[in-house]
Amino acid sequence: ATWAAGGKVEGKADFVRSFCEMCTSRCPIQAKVVDGKAVLVSGNPDWGATGGTLCARGVSGQSQLYDPQRIQKPLIRVGERGEGKWKEVSYEEAYDYIAKQMQGIKEKYGPEAMAFGCRKGPHMSYLYTFAKAYGSPNTHNHESTCPLARTVGLEVTFGTAGLGLDYGNCKYIVSLGRNYFEGINVAQVRGVMNCINKGGKLVSIDPRYSLTSAKAHEWLPIKPGTDLALVLALNHVFIRDGLYDKDFITKYTEGFEAVKASVTSYTPAWAEKETGIKAADIERIAKEMAAVKPKAILDWGWRTTFTPEEFELRRAIIIGNMLLGNLEVPGGSFFSKGPGFINGLVGKPVVQGIAGFKTPPFPKPAKPRVDGAGVKGHPMELAPAGDGIAQAVPESILTEKPYPIKGYFAYRYNPVVTMPQTNRVIEAMKKLDLLVVCDIYMSDTAMFADVVLPESTYLERDEGFNDYSGGVPAFTLRQQVVKPVYNTRAHWQIFKELSEKMGLGAYFPYTNIDDIRLTQMGGKQDLVKMGKEKGFVNFGMKPLFLRDKNSVAEFVKQFPDAQSLVNEQGYIDKYLTNLKTPSKKIELMSQVAQNVFGRGVPVYRPIQIAESGQQLFIQGKTGLHTNGHTHNVPWLHELMPENRLWMHPETASKLGVKTDDLVEMASTVGKQQVKAYITEGVRPDTVFCYMGFGRVSPGLKRAYKKGVNSNLMIPTSTVPVCGITLQTAGVTLKKV
Amino acid sequence: MATQKRYGMLYDSNKCIGCQACSTACRAENKVPDKVSRLQVWIEGPKGKYPDLITDFHRKSCVMCDSAPCVPVCPTGASYTTSDGVTLVNEKFCVGCKYCIAACPYQARFLNPETGAADKCTFCHETRVSRGQKPACVSICPTGALIFGDMNDSKSDISLALKSQRAVKPKEHLGLKPKVVTVPNWRGGDA
């Protein structure tokens, strides 16, 4: 498109459709390019759920792109580990070095002594393929430091974790620490705001007054770590007063009687003592939710791990939603409708799925995974092997149990800051024989590496299709907006080239990006073309809710083969009694969790995170930064260069501190000086900070040593059943 | 529809989540140098006593006064108002005397460190609005907190919004007739 003449912007403006990578939400974007330079990144105007909008992190993509502090060339360490002395090398030299070292580890310790970790996303399969081709079972992503409890809770209940929540059509949302307006996913932000605009109610349960609390109709500052008591009391009221959806429970679920028996003693009066939330409020919220059911949502959370009783909490929340009968209705919860789901429903392929390449079988690993994820009989057997348990890797490096990990390949992953107990993770990184980091910045993990491979940022690289199905099947496509600014390459190129060096090229049989895309779309050129033009591929479907007769009718109009599935109510509900659970139904009581862990239905075990005399330390997201990633991006750094420790005036006066005074914060595993921020917006027994600050890498010149590193305070732990890490700790504070 | 346009903007502080997408998009679209801003969003709070708290959100930018005090004080004519009601700075004529900066009661202007000229929000007049697009801040806002358009067109989004919303004009007592108006936080008194 030619930019109209006569304005300040000169030259030609092109608009390139792609999707964002400033966080993992992957919102569809459109970049404006003038004279080969990216000048404005905004939302993809044709993507309905975001409608051309984007968050500050997304808009700051160009600030990251042109940042001279990015890694500009491959580097090999020449000084001591972590000293920051590097030799600039070519990709060829870097590959040769990595191949030689990895070969050495394989010969000396076996391939399982190499672990491979990355942030979850469409790039993950390239790392995992590389790892499996090499022969290691030890692959993981970041999920066990983020939402893995929710994943496991959903899988146990539904046989799949592929479910979403329809905020936009909901009439009542209860959030337990899920911070929509700061842990931003643009489509969800819009959904929740739509709910509020249409008269829906938002209740924020959070020890801290977040921006979500600020927008909510009610803020209830719960005593941290007692959310399970609140949810059990809500479930108690739903059942005690017969407010639950009896038809739904009878037809689609197993184990109601066990749930009913388990919540008898969890009265609102009992929960008040645990949570600090008044029994009358709990009664009222339960009744308000039930009055608008099924358009009521008890949010099952995201990165919100408060106590070791996470599995119970997520399960109790899911059960609460099922008592409200909100599954597969607008304004409730729903199964993701990817191509596999739709084709399975219709009984024949009507929607193109993302196809892969034919590759040789992977060598069978000689030993099981160190983290035990998905390993039968292991305490972590219910944790999905596709995600793995990230925090197990540093432990295996340090303890050499169940066997030693000697090499680590971290791709777009920064465990030093995103994993609990920073000092222990650093100790582990230092002990490695080989650390390879592929990233765009000299991250806190990259600074300890032997080899650093710079990747092109998402605005500089073409990529394959990304499954972005939700209410309907859809794929998004990442496209190069500008040519690489520095000497960097795309991950699909890096892993192919490195594999070829190691004689594993057969696992990456593609020739170029066009080959990847066309293969993914089953050879259908028209779909590839649509992806390039629109930035996404969809199939003209409207959101399908299986228990909503209007949307089912629309679906049958498009796919007449599905007519035979429709019942007399106009629903397609056979799917709900043919789930991949042992009973094929929704398992309110899980026989598997009962047999293996004695945790068939959620029960309450009180947890003490903080000792007497300590404060409870909690952390959370800001809308201006992403986890361990964006803090050095110039524009975002300017908006929020550091964090402070939120503390209530009562706490502050006991310590004798004012805002911006320095406080020493200590836990069992770390100690640091932090700036205080005195505010009424946090409970007197709790302190809070935003995560991802206090960076240890001098290569991040802006973010280095600015603010509090929340994970320095958190002890390493692995929560029973679901394998997630804790994100809370007890801390002792004193004035400096 | 009137032929002469008169642009205005409504900022609904209830819908604003303080995400700074608008101020960042403004920086990108208008190449605003680091450390200065044409647009900021201020988050004021939490205020009150635990647990009864509120947080207010404020848009800080030029409010496009009908009687803009920054225009008559300009000795060179660099500050001017277009026929569609948008006050702009012609940086070629600006001598950096800062009279306009001093005259603005909204602290909306600054000296651009790269051009040396007075600078401020333009409603993206040259790059977007004159081409029929919305200002960058409006089109990027995830929650639809900003509504922009021609107030002379009774059917435009902005005219309809102004009829239905309890909007206030910032510092109305000064009589400068700003065309950027705010829907204040409804959590203050009721509920």
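What counts, and at which threshold
Residues numbered from 1 in each chain as written. Chains lettered and ligands numbered in written order. Predicted model: local features only at pLDDT ≥ 70, side-chain atom pairs only at ≥ 80, totals over all residues. Heavy atoms only, no water. Helix = DSSP H or I, 4+ residues; strand = E, 2+ residues; numbered from the N terminus. Polar contact = N/O pair within 3.5 Å; in protein donor to acceptor, adjacent residues only side chain to side chain. Contact = heavy atoms within 4.5 Å. Buried < 20%, exposed > 50% of the residue type's maximum accessible area, 1.4 Å probe, protein only. Arc of directions from axis to C-beta. Buried area = accessible area lost by both parts, 1.4 Å probe. Salt bridge = Lys/Arg side-chain N within 4 Å of Asp/Glu carboxyl O. Axes fitted to C-alpha atoms, helices over the stretch in contact; angles between N-to-C directions. Parallel < 35°, antiparallel > 145°, perpendicular 65-115°, else oblique. Nonpolar A, V, L, I, M, F, W, Y, C, P; charged D, E, K, R; others polar. Pairing = 2+ DSSP bridges. pLDDT = per-residue confidence, 0-100. Core = buried A, V, L, I, M, F, W, Y, C linked by side-chain atoms within 4.5 Å. Phe/Tyr/Trp six-rings, centres within 6.5 Å; stacked < 30°, edge-to-face > 60°. Lys NZ or Arg CZ within 6 Å of the ring centre and 35° of its normal.

A. Representation of the side chain of Gln 672 of chain A within the structure. All names here are of chain A. Within the secondary structure, Gln 672 sits in strand E25 (residues 671-678). Within the local environment of Gln 672, its side chain forms a polar contact with the backbone oxygen of Asn 709, the two atoms lying 2.8 Å apart. In this structure Gln 672 touches Val 663, Glu 664, Met 665, Val 708, Asn 709, Leu 712 and Met 713, once residues within four positions along its chain are discounted.

B. Geometry of helix H21 (residues 549-558) of chain A. All names here are of chain A. Among all positions of H21, only Ser 551, Val 552, Phe 555 and Val 556 are buried. For H21, the arc enclosing every buried residue in end-on projection is 140°, short of the 170-degree limit, so these residues lie on one face. Looking at H21, the residues exposed on the side facing more than 90 degrees away from the buried face are Asn 550 and Lys 557. Elements in contact with the buried residues of H21: helix H14 (339-346).

C. Geometry of the interface of chain B and chain A. In this assembly, 42 residues from chain B lie in contact with 47 residues from chain A. When the two sides are added together, the surface that chain B and chain A hide from each other amounts to roughly 3,400 Å², 61% of it contributed by carbon and sulfur. Its largest share of buried area at the contact with chain A, chain B owes to Ile 17, Tyr 50 and Arg 131 of chain B, together 20% of the area lost on that side. The tally of links from chain B across to chain A stands at three salt bridges. Salt-bridge contacts for Lys 32 of chain A lead to Glu 29 of chain B; the nearest nitrogen and oxygen are separated by 3.4 Å. Applying the counting rule to chain B against chain A returns 10 residue pairs in polar contact (both at pLDDT 80 or more). Looking at the side of chain B that touches chain A, the elements that each hand over two or more residues are helix H1 (21-30), strand E2 (40-49), strand E3 (52-60) and helix H3 (136-140) of chain B.

D. Layout of the packing of helix H8 (residues 227-240) of chain A against helix H11 (residues 268-275) of chain A. Residue and element names in this part refer to chain A. Taken N-terminus to C-terminus, the directions of H8 and H11 make an angle of 170°; their axes are 9 Å apart at the nearest point. Our classification of the angle between H8 and H11 gives roughly antiparallel. Between H8 and H11, the contacting residues are Ala 229, Leu 230, Ala 233, His 236, Val 237 and Arg 240 on the first element and Pro 268, Trp 270, Ala 271, Glu 274 and Thr 275 on the second. Of the residues contributing to the contact of H8 with H11, the split by class is seven nonpolar, two polar and two charged.

E. Geometry of the pairing of E25 of chain A. Residues and elements named next belong to chain A. Sheet topology note: the strand E23 (residues 645-647)/E25 ladder contains three bridges and is parallel. Counterpart to Leu 645 in the pairing with E25 is Ala 676. The pairing of strand E24 (residues 662-666) with E25 spans five bridges and is classified as antiparallel. When the bridges of E25 are listed, Val 663 appears paired with Val 674.

F. Structural view of the sheet that holds E24 of chain A. Residues and elements named next belong to chain A. In spatial order, the strands read E22-E26-E23-E25-E24-E27; together these six strands close into a barrel with mixed pairing. Neighbour-to-neighbour, the strand axes of the sheet open up by a mean angle of 45°, direction not taken into account. As judged from the two bridges shared by E23 and strand E26 (residues 686-690), these two strands associate in the antiparallel manner. Residue pairing for E26: Met 647 is matched across the bridge by Val 687.

G. Structural view of H11 of chain A. Residues and elements named next belong to chain A. Taken residue by residue, H11 has Pro 268, Ala 271 and Thr 275 as its buried positions. Taken around the axis of H11, the buried residues stretch over an arc of 55°, which confines them to a single face. For H11, the elements touching its buried residues are H8 and helix H12 (279-291). Where H11 terminates, the next one or two residues include Gly 276, which has phi positive at roughly 80°.

H. Focus on the confidence of the model for chain A. Taken as a whole, chain A shows an average pLDDT of 96; of its residues, 98% reach a score of 70 or greater. For the stretch residues 1-10 of chain A, pLDDT sits under 50, and the model shows 20 contacts to residues farther than four places along the chain or on other chains.

I. Broad picture of the sheet that holds strand E13 (residues 296-298) of chain A. Residues and elements named next belong to chain A. Read across the open sheet, the four strands follow the order E11-E10-E9-E13; overall the sheet is parallel. The open sheet is flanked by strand E11 (218-220) and E13, the only strands paired with a single partner. For this sheet the average axis-to-axis angle between neighbouring strands, irrespective of direction, equals 10°. As judged from the three bridges shared by strand E10 (residues 201-205) and E11, these two strands associate in the parallel manner. Each residue of the ladder has a partner; that of Ser 204, found in E11, is Trp 219. On the sheet, H8 packs against strand E9 (172-176), E10 and E13 and is oriented at approximately 150° with respect to E9. Along the sheet, helix H13 (residues 310-323) contacts E9 and E13; its crossing angle with E13, the most-contacted strand, is approximately 170°.

J. Structural view of the nonpolar core. Core analysis: the largest hydrophobic core is formed by 139 residues, its most contacted members being Phe 158, Phe 181, Ile 205, Met 289, Leu 327, Phe 555 and Ile 586 of chain A. Looking at this core element by element, the count peaks at 10 residues for H8 of chain A. Among the nonpolar cores identified, the runner-up in size contains 42 residues, and Leu 211 of chain A together with Tyr 11, Val 41 and Met 64 of chain B belong to it.

K. Region of the structure containing the packing of aromatic side chains. Residue and element names in this part refer to chain A. Under the criterion given, the structure shown has 35 aromatic pairs over all chains. The interplanar angle of 90° and the centroid separation of 5.8 Å between the aromatic rings of Phe 116 and Phe 130 together place this pair among those described as edge-to-face. Placement of Phe 116 in strand E6 (residues 114-118) and of Phe 130 in helix H4 (residues 124-134) is noted, with a sequence separation of 14 residues between them. The class of Phe 130 is buried, set by a relative accessible area of 0%. Feature note: the residues Phe 116, Phe 130, Tyr 134, Phe 409, Tyr 411 and Phe 495 constitute an aromatic cluster, connected by ring pairs. In this arrangement the basic side chain of Arg 208 is found over the ring face of Trp 646, its NZ or CZ atom lying 4.8 Å from the centre. Lying over the aromatic face of Phe 688, Arg 208 brings its terminal NZ or CZ to 3.8 Å of the ring centre.

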